Amino acid sequence: MKEKTKNQKTISDFKQVLIKKALGYDVKEIVEEYVSDEDGTVKLSKKKVTKKNVPPDLTALKMLLESDKPISSMSDEELEKEKTRLLELLKQNS
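The text that follows walks through the structure, step by step, so that each part is easy to find. As the structure is a prediction and not an experimental result, all values here were calculated from the model. (Residues numbered from 1 in each chain as written. Predicted model: local features only at pLDDT ≥ 70, side-chain atom pairs only at ≥ 80, totals over all residues. Heavy atoms only, no water.)

Let us look at the overall build of the protein chain. Along the backbone of the protein chain there are three helices and two strands. When its helices and strands are written in sequence order, the protein chain yields α-β-β-α-α. The buried share of the protein chain, taken over its 94 residues, is 12%. Entry remark: accessible area of the protein chain is about 8,200 Å², with carbon and sulfur atoms responsible for 54%. (Helix = DSSP H or I, 4+ residues; strand = E, 2+ residues; numbered from the N terminus. Buried < 20%, exposed > 50% of the residue type's maximum accessible area, 1.4 Å probe, protein only. Areas by Shrake-Rupley, 256 points an atom, 1.4 Å probe, with all protein chains shown as cover.)

Below, the structure is given as structure tokens:
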């Protein structure tokens, strides 16, 4: 069995992320503002927590539904290429 390091992902990790992206999810965004006192200490002045919904991604859904080669059978190199391709596609559509 392969031991994975902090930066490595297994095939099941990629599949779980793809499913999450295809279905959509909620995320909390935290914005904090700090101020410096007269004596130089930094203190938290404002903290805003916002809950945002990330809508389902049709590209991820399409990949799951129409993939001729299931993700579970892809090699690490194939997964990395697909990840790069999808990130570039997302950048173009942003």
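Take the environment of Asn53 next. Of note, Asn53 is situated in strand β2 (residues 42-54). Put simply, Asn53 and Val27 are 26 residues apart on the chain and 6.3 Å apart in space, counted from C-alpha to C-alpha. Not counting residues within four places of it along the chain, the set of residues in contact with Asn53 comprises Tyr25 and Asp26. Among the polar contacts listed, one links the side chain of Asn53 to the side chain of Asp26, at a separation of 2.8 Å. (Contact = heavy atoms within 4.5 Å. Polar contact = N/O pair within 3.5 Å; in protein donor to acceptor, adjacent residues only side chain to side chain.)

Bringing the pairing of β2 into the picture now. The sheet contact formed by strand β1 (residues 25-36) and β2 spans 12 bridges and is antiparallel. Bridge pairing in β2 places Ser36 opposite Val42. The loop that links β1 with its antiparallel partner β2 comprises five residues; one of these, Gly40, has a positive phi angle of about 95°. (Pairing = 2+ DSSP bridges.)

With that settled, the discussion passes to the nonpolar core. Counting residues in hydrophobic clusters, the biggest one holds five residues: Leu18, Ala22, Ala60, Met63 and Leu86. Taken together, the elements giving at least two residues each to this core come down to α1 (11-23) and α2 (58-66). Filtering out sequence-adjacent residues up to four positions away, Ala60 remains in contact with Leu18, Lys21 and Ala22. (Core = buried A, V, L, I, M, F, W, Y, C linked by side-chain atoms within 4.5 Å.)

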